[in-house]
Amino acid sequence: MGSSPGTSRSKRAHFLRAALPCLALTILGSVPVAAQSLTPDLFSPNRGGFALPDTLPTRRTAGVPQAPSDALPALPDPNADLRKRQQTPARAGQNPTNQNPANPVPTYGLPAANGASASGYDSLNRKRVKPKLYPGQPKPKRPVGPGSPVPPATPERTLGPPRIAPPPSETAHKTPVPPAMAGNVPGQPLRRRLKLDDDPFGAVGDYAGSFLIKGGLELSAGYDTNPARLNKPVGSPAYVVAPDLLVASDWERHALVADLRGSFSGYTNNMPATINGFASPSPVEVDRPDFTGHVDGRIDVNRDLKLTTQLRLRLATDNPGSPNVQAGLQKYPVYATYGTTVGFDQTFNRFQVAAGATVDRTAYTDSKLTDGSTFGNTDRDFNQYGGVGRFSYELKPGLKPFVEIQGDTRVHDQAADRNGYFRDSNGGYAKVGSSFEFSRILTGEVSVGYSARNYVDPRLSQLSGFLTSGSLIWNASGLTTVKFATDTQIAETTIPGSSGVLVHTYAAEVDHDFRRWLTAVGKFTYGTYDYQGQNRNDKTYSLEGNLIYKLNRNIWIKGTLRHDILDSNQPGSSSQGTVVMVGVRLQN
């Protein structure tokens, strides 16, 4: 049985594959074998095998520079890898696999803290370099991290925190403001927040050098049912012109303040010259001027020693209804009281001593009578010389008790007055009190004491009495302010046999703001006039209401309603009067 054709061809193929190599080895074995000679070409570092570069067919000829394309391709630069740039270069003998034989652990990738910024601390607890900021540049904020609040969508305000419920005018269309004024310039320092304005409709004033000047003028018109304060009222239309001026220095040391306020009350009707066939106790013309002004100066010698001085002037007339007013006058005589005080203020830690010497003069103009004649008032003119000292100790911030002592001498131009009484006198007072300030809600000063005056004339008894003085401001709320004031004075008189007048005044005032531009003011004043030696006692009551409408900082509209009562124990001396005034105030 024979084999298939496919099997015989496969056998022949295996035979040929084995025979051909054997034939080749037989032929090579008959050729003699020689070893390769050692030449310098075997150590040539050039690519190209054992052939020299000069024998290459593509060698360049002499004088022809090698083109960049003729350069042999170089291996890739290991420094081109960004990750290997950050690694320390290998030293001699270091393993090329970046392994240390002492520490076979390989390093891969970027080193620790490679991408950290240049400020603060990195992951290796190395302190970073703080960036240098130019003057006025705001410090950069810390990056927002876990737990940080979501930043607001609106840009941050530079003039203060945003309000919870801004008014519609905040987002209304307005005239564009330069970025420098609005505080929106990038890198601009934050603007200093302005001091809160207590009175948004108050006078702003103007600066003249280093002085702040504020001025105002109040014009009012109305009706007074009894301007002369007669027992039987006689009314008259009235008008008031009241200017005021405030000048204050703006110095780092020392101070100078001038406060000048005046008024003129005019009436269109004249009062009767006689009443029931007798001369009227009131002048025919009841127009009255009134002025109060003082200039205060302070020189700071050092931190604890200050020199103080004051110039003052008071210009007025006797009060309507006063027994000092002569009968049968054509108009009120005007008196002026002016003087000065020079002193010092020394501080010893918490103990403070203030003292000063005072000089004042009071002078009256001559009285003009209804018959055209004049009557001199030189017997009412006098000079006063005195001194005052105050000793205080600050127990704690806001509480400062004190003791004050004052003494003076009054010398009249004429030894005897029109009634033959010698009215030269010596007197003074002593009082104790305290100034206080409790969290800006209750501030002020209150004192009590005793006052006495002795006269040269033995017919005039000693004038003495209880003394009260002080002022108190209570900020009941952001809209309501309550004020209390009290004062005691010893005044001269022309009543025969009377030593003088002991005057006590008590006043209370309530201010309430319905709106920032609408304010109501209520006042109540109570006073007592004790004419010692004549058993005459007068009591005064005054109830006043004001409504102020503030159009802007420069124009106010004011309405006043006041009712005055004079209650005297002398028959025919009591009186009442009501005043209604409407006016405008101009200020700057």
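For the structure itself, consult the block above.
Note that the coordinates shown come from a computational prediction; the quantities given were computed from them, not determined experimentally.

K.L.:
Can you tell me about the packing of aromatic side chains, naming the residues and giving the values?
P.N.:
One pass over the full model with this rule turns up six aromatic pairs. With a centroid separation of 6.3 Å and an interplanar angle of 20°, the aromatic rings of Tyr506 and Tyr526 are classed as stacked. Of this pair, Tyr506 sits in strand β19 (residues 500-515) while Tyr526 sits in strand β20 (residues 518-532); the two residues are 20 residues apart in sequence, bridging distant segments of the chain. Measuring from centroid to centroid gives 5.5 Å for Trp517 and Tyr549, while their planes differ by 85°, and the two rings are edge-to-face. Residue Trp517 is found in the loop between β19 and β20, and its partner Tyr549 is found in strand β21 (residues 536-550); the two are separated by 32 residues along the sequence. Here the guanidinium or amino end of Arg459 rests over the ring plane of Tyr421, the centre of that ring lying 4.2 Å away. Just above the ring of Trp556 sits the side chain of Lys550; from NZ or CZ to the centre is 4.8 Å.

K.L.:
Hey, could you go over the environment of Leu369 for me, with residue numbers and the actual values?
P.N.:
Within the element layout of this structure, Leu369 appears in the loop between β11 (367-368) and β12 (374-375). Linking Leu369 and Leu329, residues 40 residues apart in sequence, is a C-alpha distance of 4.3 Å. When neighbours within four sequence positions are excluded, Leu369 is seen to be in contact with Gly328, Leu329 and Gln330.

K.L.:
Talk me through a nonpolar patch on the surface; I want residue IDs and the actual numbers.
P.N.:
There is a patch of nonpolar side chains on the surface, built from Leu217, Leu219, Tyr239, Val241, Phe264, Trp517, Tyr549, Leu551, Ile555, Ile557 and Leu586 and spanning about 840 Å² of accessible area. For the nonpolar patch, the secondary-structure elements that each account for two or more residues are β2 (211-224), β3 (236-249) and β22 (555-568).

K.L.:
Help me get a handle on the pairing of strand β17 (residues 463-474), residues and values and all.
P.N.:
Across twelve bridges, the pairing between strand β16 (residues 442-455) and β17 is antiparallel. Directly across from Arg453, in β17, lies its bridge partner Leu463. Pairing of β17 with strand β18 (residues 480-491), which is carried by five bridges, proceeds in the antiparallel orientation. Bridge assignment links Ser471 to a residue of β18, and that residue is Ala485. Counting the residues in the hairpin turn of β17 and β18 gives five residues.

K.L.:
For the side chain of Arg423, give the residues involved together with the corresponding values.
P.N.:
Its place among the elements puts Arg423 in the loop between β14 (399-412) and β15 (425-438). In terms of polar contacts, Arg423 uses its side chain to reach the backbone carbonyl oxygen of Ile495, at 3.1 Å. Polar contacts involving the side chain of Arg423 include one to the main-chain carbonyl oxygen of Ser498, which spans 2.9 Å. In contact with Arg423, not counting residues within four places along its chain, are His412, Ala415, Asp417, Tyr455, Leu460, Glu492, Thr493, Thr494, Ile495, Ser498 and Ser499.

Cut-off values and rules
Residues numbered from 1 in each chain as written. Predicted model: local features only at pLDDT ≥ 70, side-chain atom pairs only at ≥ 80, totals over all residues. Heavy atoms only, no water. Phe/Tyr/Trp six-rings, centres within 6.5 Å; stacked < 30°, edge-to-face > 60°. Helix = DSSP H or I, 4+ residues; strand = E, 2+ residues; numbered from the N terminus. Lys NZ or Arg CZ within 6 Å of the ring centre and 35° of its normal. Contact = heavy atoms within 4.5 Å. Patch = residues over 30% accessible without salt bridge, like charges linked within 9 Å, V, L, I, M, F, W, Y side chains within 5 Å. Areas by Shrake-Rupley, 256 points an atom, 1.4 Å probe, with all protein chains shown as cover. Salt bridge = Lys/Arg side-chain N within 4 Å of Asp/Glu carboxyl O. Pairing = 2+ DSSP bridges. Polar contact = N/O pair within 3.5 Å; in protein donor to acceptor, adjacent residues only side chain to side chain.

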